[in-house]
Amino acid sequence: MKKKKILILGSSGTLGRCLFNSLKKKNKYIILHNGLIRRKFDLSYQFQIAKLLNKTKPDLIINCSAIINIDYCERYKKKSKKINVETLNHIFLLKKKLNLDFELIQISTDQMYNRSNCLASSEKSKTYILNEYTKQKIECENLCNKNKALILRLNYFAYEKNNLFYWIVNSIKKNKKVYFFKHVYFNPLSLTSLSNIISQIAKKKIQGKFDGVYNLGSKGFISKSEFAIYINKKFKKYRFNNYNVVLS
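What you are looking at is a predicted structure, and each value in this text was computed from that prediction instead of being measured.

Q: Mind showing me how you'd approach the pattern of salt bridges here?
A: If the charged atoms of two oppositely charged side chains come close together, the side chains can form a pair. All chains considered together, the criterion is met by four salt bridges. In this structure, K81 and E139 form a salt bridge, with 3.4 Å as the shortest nitrogen-oxygen distance. Of the two residues, K81 sits in helix α4 (residues 77-97) while E139 sits in helix α5 (residues 132-146), which places them 58 residues apart along the sequence. By relative accessible area, K81 is classed as partly exposed at 30%.

Shown next as structure tokens:
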């Protein structure tokens, strides 16, 4: 039987690169990408996306491409929207224009929930536009719902730049004071666990079995201050006995 092809967009990013490696190890699919170290196709241009889709003709697209820097999105609304929203719109338009047949998984965020509420959020919970980034992600979800794509709302931690975990660990190393709100809750997954879960989901989505919105997260919840304290205790115990972090 001919192997199905999965195209990962945003494969030079933290999640995209890890997901590529996770799927590649399984050796069940042909795994394609738009660059693992640097981008080979500029997804901000429709003709570049068309070239990529014509070249790869995927059975499934996993869209991890996004500008996730909240300050950047706020400052450069048009530039960030071009990547975060218009890329996805071009993909759906080209699917019809080029007569392509593929499924799509869109990576979204949990940041649109009321994060000061310690009660569990479900896929039916009210969403909030907290900033330009969440506004753009909600626009993406609306596009996906119209095109029967699968939306995964998630949060993960990894020792990678621009990630909360990375920032906490480096603050511990440098003995810096860090401050968190006590009542901002989340339930993140480790990057490795998340990649393995999405790999399993891809197996079903490539067969067109389901769409809609799904939350991915760890069991229970934790405040960001508790998360930082937990990491601090672990590092003090196992590695950085001479470092300390002050939290409030």
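After that view, the rundown keeps rolling.
Q: Help me understand the packing of aromatic side chains in this model?
A: Enumeration over the complete set of coordinates arrives at four aromatic pairs. With a centroid separation of 4.8 Å and 45 degrees between ring planes, the pair formed by Y72 and Y76 is classed as tilted. Taking 5.5 Å as the distance between ring centres and 85 degrees as the angle between the ring planes, the aromatic pair formed by F210 and Y214 counts as edge-to-face. You can call Y214 partly exposed: its relative accessible area is 35%. When the ring centre of Y45 is taken as reference, the NZ or CZ atom of K82 above it lies at 4.9 Å.

Rules and cut-offs
Every chain is numbered on its own, with residues counted from 1 as its sequence reads. It should be noted that, the model being predicted, local features are given only for residues of pLDDT at least 70 and side-chain atom pairs only at 80 or more, the latter also being counted only at that level, while totals for whole chains, interfaces and linings use all residues. Neither water nor hydrogens contribute to the side-chain values; these are computed over all heavy atoms in the structure. Within this document, salt bridges are pairs made up of a side-chain nitrogen of Lys or Arg and a carboxyl oxygen of Asp or Glu, the two lying within 4 Å of each other. The way it works is that DSSP assigns letters per residue, a run of H or I at least four long becomes a helix, a run of E at least two long becomes a strand, and they are numbered from the N terminus. Three labels apply to residues, based on accessible area from a 1.4 Å probe with only protein chains included: buried if under 20% of the type maximum, exposed if over 50%, partly exposed otherwise in between. Aromatic pairs are defined between Phe, Tyr and Trp rings, using the six-membered ring for Trp, whenever the two ring centres lie within 6.5 Å; interplanar angles under 30 degrees are classed as stacked, those over 60 as edge-to-face, and all others as tilted. Our definition puts a charge over a ring when NZ of Lys or CZ of Arg is within 6 Å of the ring centre and also within 35 degrees of the ring normal.

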